[in-house]
Amino acid sequence: MSVFSKSPGFLLTYIHRIFDICLGIGLLIGLYSFFWPDSIDSKSPQIALLIIVATIFSLFGLKVAGVYRNWARSETVTECNRIVFGVLIAFTCMLVTGYLFKVSQVYSRRVILLWVMVWPAVMCLERILVKKIVLPAVIDSEAFRRVVIAGTGKTGINIANWISENPWSGMKFAGFFESGSASDETVDSCLGHVDDLGDYVRENNIDVVFVTMPMREEEKIQLILADMEDSAAQVYYFPDMSIFAHLLGGDVANVAGRTAIIMRSSPFEGVSGIVKRLEDVILSSLILIMVSPVMLFVAAGIKLTSKGPVLFQQWRYGLGGEPFKIYKFRTMKVMEDGYNFVPVTRDDPRVTKFGAFLRRNSLDELPQFINVLQGRMSIVGPRPHAVKMNEEYRKRIPGYMLRHISKPGITGLAQVSGYKGEVQTEEDMENRIEFDISYLRNWSLILDFEIIFKTVFRRAWRQK
């Protein structure tokens, strides 16, 4: 049973599913009645079909976007981002369906577009009102679960602060119990020593006990658990997770009948890998179609301004550290396409005049979308470094090779965060690797689209 199972957040998760869909359908009908009132009578079968399709795709889109995942613990901004993303998924599905069945002309584009903008805005406003106004107003309600924390270390203090700042979590913080551990800190709301915890829980009807003491205090933790057996309180233990500082995966696996924590794995296993591949295929196909005239112009320019092939292929490390050939438009007079090469620097004499124009505008990177279609790269991921550079830095920077549990990308979190272009110091590379690993730990479709958006508007894909 979850600590949130009897909280308003738990109930609101289900209420919101019904409320959001009813709100969306109500707004759709209302917009049709206002902007196109005659259609309600003259095209009622088509409107009814639109409502059914919109309901199905909306449920799907909001589910995929994770709108209802851990509602009680979600930050408001995060949930609003998920709402917008979910509605965009539903809208895209409706557009594709309308195109495939050739019925898009039957419906009002103005109404549909307004609906896509108004509905998520109203849902976000409702979340803000509920979380910021309604729930705080009933904070003393019996529906909220009373919580005490055993241990006054950093973990316990952070949890207490979070509960106080987020009343929609369905919890009310009562106070701390110190353990006498070296990690304990002085706090104002200390109710006593952990030896007194059991009596306090029973006498004050405490619902939940969070134990945040270090794992080395195993004897005291065992005594707390034994004492809690004489109460109905739920007990949650927050172990010291410093051993997992480099955790990359964080899932649980069953091997030989035993449970194991996956400390390092690709975020693109299973369904996530399928979603990531679909994203790459769809977007790279659309981009290649749109930029094909530009690529023809570039190819002609290279042929007319210098001798040599149009495309330049260079070995890079990809998924699993396996080498592959990356495609670029040739920008230099030489063809340094082996494992060893000299990185391009500012005002490099090897770069042609037309090549300098291509590099300045990142047009030489366009053929990499072919690598994406081939499955060797992703649109978003850690940027691939040359083989020689890999071999140099993997020995000097801890965690460097973690970036290779994913396909390399045309752009990445490091690039949009300012770490792109020529690597001048070891710190530049360390920061780049830190952002690459952060991307792998926190991957989501929303993060991918955010990086793509920033790449386009910040021209951040330049990587020498």
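Reference entry: report on the structure contained in this document. Only a predicted model underlies this, so the values are computations on that prediction, with no experimental measurement involved. (Residues numbered from 1 in each chain as written. Predicted model: local features only at pLDDT ≥ 70, side-chain atom pairs only at ≥ 80, totals over all residues. Heavy atoms only, no water.)

### Remarks on the overall build of the chain
Point 1. When helices and strands are counted, the chain shows 15 helices and eleven strands.
Point 2. Relative to its full complement of 464 residues, the chain shows a buried share of 45%.
Point 3. Across the chain, contacts joining residues at least 24 apart in sequence account for 71% of those joining residues at least 6 apart.
Point 4. Entry remark: accessible area of the chain is about 24600 Å², with carbon and sulfur atoms responsible for 61%. (Helix = DSSP H or I, 4+ residues; strand = E, 2+ residues; numbered from the N terminus. Buried < 20%, exposed > 50% of the residue type's maximum accessible area, 1.4 Å probe, protein only. Contact = heavy atoms within 4.5 Å. Areas by Shrake-Rupley, 256 points an atom, 1.4 Å probe, with all protein chains shown as cover.)

### With respect to the nonpolar core
Point 1. Judged by nonpolar contacts, the single largest core of 60 residues is most densely connected at Leu 28, Trp 115, Phe 329 and Tyr 439.
Point 2. A per-element tally of this core places helix α4 (residues 76-100) first, with eight residues.
Point 3. With sequence-adjacent residues up to four places away left out, Leu 28 is seen in contact with Leu 50, Ala 54, Val 111, Ile 112 and Trp 115.
Point 4. Within the second largest apolar cluster, 15 residues are counted, among which are Phe 177, Val 209, Met 213 and Ile 221. (Core = buried A, V, L, I, M, F, W, Y, C linked by side-chain atoms within 4.5 Å.)

### Some details on the sheet that holds strand β4 (residues 208-211)
Point 1. The sheet built from five strands is open, its strands ordered β3-β2-β1-β4-β5 with parallel pairing. Lying at the two open borders of the sheet, with one neighbouring strand each, are β3 (190-193) and β5 (234-237). Averaged over all neighbouring strand pairs, the angle between strand axes comes to 25°, with direction disregarded.
Point 2. Inspection of the sheet shows strand β2 (residues 171-178) paired to β3 by two bridges, in the parallel sense. Bridge assignment links Phe 176 to a residue of β3, and that residue is Cys 190.
Point 3. Helix α6 (residues 154-165) contacts β1 (145-150), β2 and β4 of the sheet and is inclined by roughly 160° relative to β2. (Pairing = 2+ DSSP bridges. Axes fitted to C-alpha atoms, helices over the stretch in contact; angles between N-to-C directions.)

### Here's the deal with the packing of aromatic side chains
Point 1. Under the defined criterion, the tally for this structure stands at eleven aromatic pairs.
Point 2. Taking the centre distance of 5.8 Å and the plane angle of 20° together, the rings of Tyr 32 and Trp 36 count as stacked.
Point 3. Assessed through its relative accessible area of 28%, Trp 36 is described here as partly exposed.
Point 4. Where Phe 268 meets Trp 443, the ring centres are 5.0 Å apart and the plane angle is 80°; that geometry is what we call edge-to-face. Residue Phe 268 is located in the loop between β7 (258-262) and α9 (271-305), and its partner Trp 443 is located in the loop between α14 (426-441) and α15 (445-458); the two are separated by 175 residues in the primary sequence. Each member of the pair Phe 268 and Trp 443 is classed as buried.
Point 5. Through a chain of ring-to-ring contacts, the aromatic side chains of Phe 210, Tyr 236 and Phe 238 assemble into a single cluster.
Point 6. In this arrangement the basic side chain of Arg 396 is found over the ring face of Tyr 393, its NZ or CZ atom lying 4.7 Å from the centre. (Phe/Tyr/Trp six-rings, centres within 6.5 Å; stacked < 30°, edge-to-face > 60°. Lys NZ or Arg CZ within 6 Å of the ring centre and 35° of its normal.)

### Details of unusual backbone geometry
Point 1. Unlike most non-glycine residues, Asn 205 shows phi in positive territory, near 50°.
Point 2. By the secondary structure assignment, Asn 205 is in the loop between α7 (197-203) and β4.
Point 3. Residue class for Asn 205 comes out exposed when judged on its relative accessible area of 61%.

### Observations regarding the pattern of salt bridges
Between side chains of opposite charge, pairing is possible as soon as their charged atoms come close.
Point 1. Under the criterion given, the structure shown has 14 salt bridges.
Point 2. Salt-bridge contacts for Asp 20 lead to Arg 127; the nearest nitrogen and oxygen are separated by 2.8 Å. Of this pair, Asp 20 sits in helix α1 (residues 8-35) while Arg 127 sits in helix α5 (residues 109-137); the two residues are 107 residues apart in sequence, bridging distant segments of the chain.
Point 3. Owing to a relative accessible area of 0%, Asp 20 belongs among the buried residues under this scheme.
Point 4. Exposure remark for Arg 127: the relative accessible area of 1% places this residue in the buried category.
Point 5. The salt bridge partner of Glu 365 is Lys 328, with a shortest N-O separation of 3.7 Å. Within this pair, whereas Glu 365 is found in the loop between α10 (353-360) and α11 (368-374), its partner Lys 328 is found in strand β9 (residues 323-329), the two being separated by 37 residues in sequence.
Point 6. Relative accessible area serves as the criterion here: at 7%, Lys 328 is assigned to the buried category. (Salt bridge = Lys/Arg side-chain N within 4 Å of Asp/Glu carboxyl O.)

### Describing a nonpolar patch on the surface
Point 1. A cluster of nonpolar residues, Val 96, Tyr 99, Leu 100, Phe 101 and Val 103, forms a patch on the protein surface that exposes about 570 Å² of accessible area.
Point 2. A relative accessible area of 43% means that Val 96 is categorised as partly exposed. (Patch = residues over 30% accessible without salt bridge, like charges linked within 9 Å, V, L, I, M, F, W, Y side chains within 5 Å.)

### Comments concerning α6
Point 1. Here α6 contains twelve residues, and its C-alpha end-to-end distance of 16 Å stays within 8% of the 16 Å for a straight helix at 1.5 Å per residue.
Point 2. Turning to α6, its buried residues number three or more, namely Gly 156, Ile 157, Ile 159, Ala 160 and Ile 163. Seen along its axis, α6 keeps its buried residues to an arc of 160°; they face one direction. Away from its buried face, by an angle of more than 90 degrees, α6 presents the exposed residues Lys 154, Asn 158 and Glu 165.
Point 3. Residues of α6 that are buried sit in contact with β1, β2 and β4. (Expected span 1.5 Å × (residues − 1). Arc of directions from axis to C-beta.)

### With respect to the pairing of β1
Point 1. Counting buried residues along β1, five of its six residues qualify, which places the element largely inside the surrounding structure.
Point 2. Of the strand pairs in this sheet, β1 and β2 are connected by six bridges, and their pairing is parallel. Paired with Ile 149 across the two strands is Phe 176, which belongs to β2.

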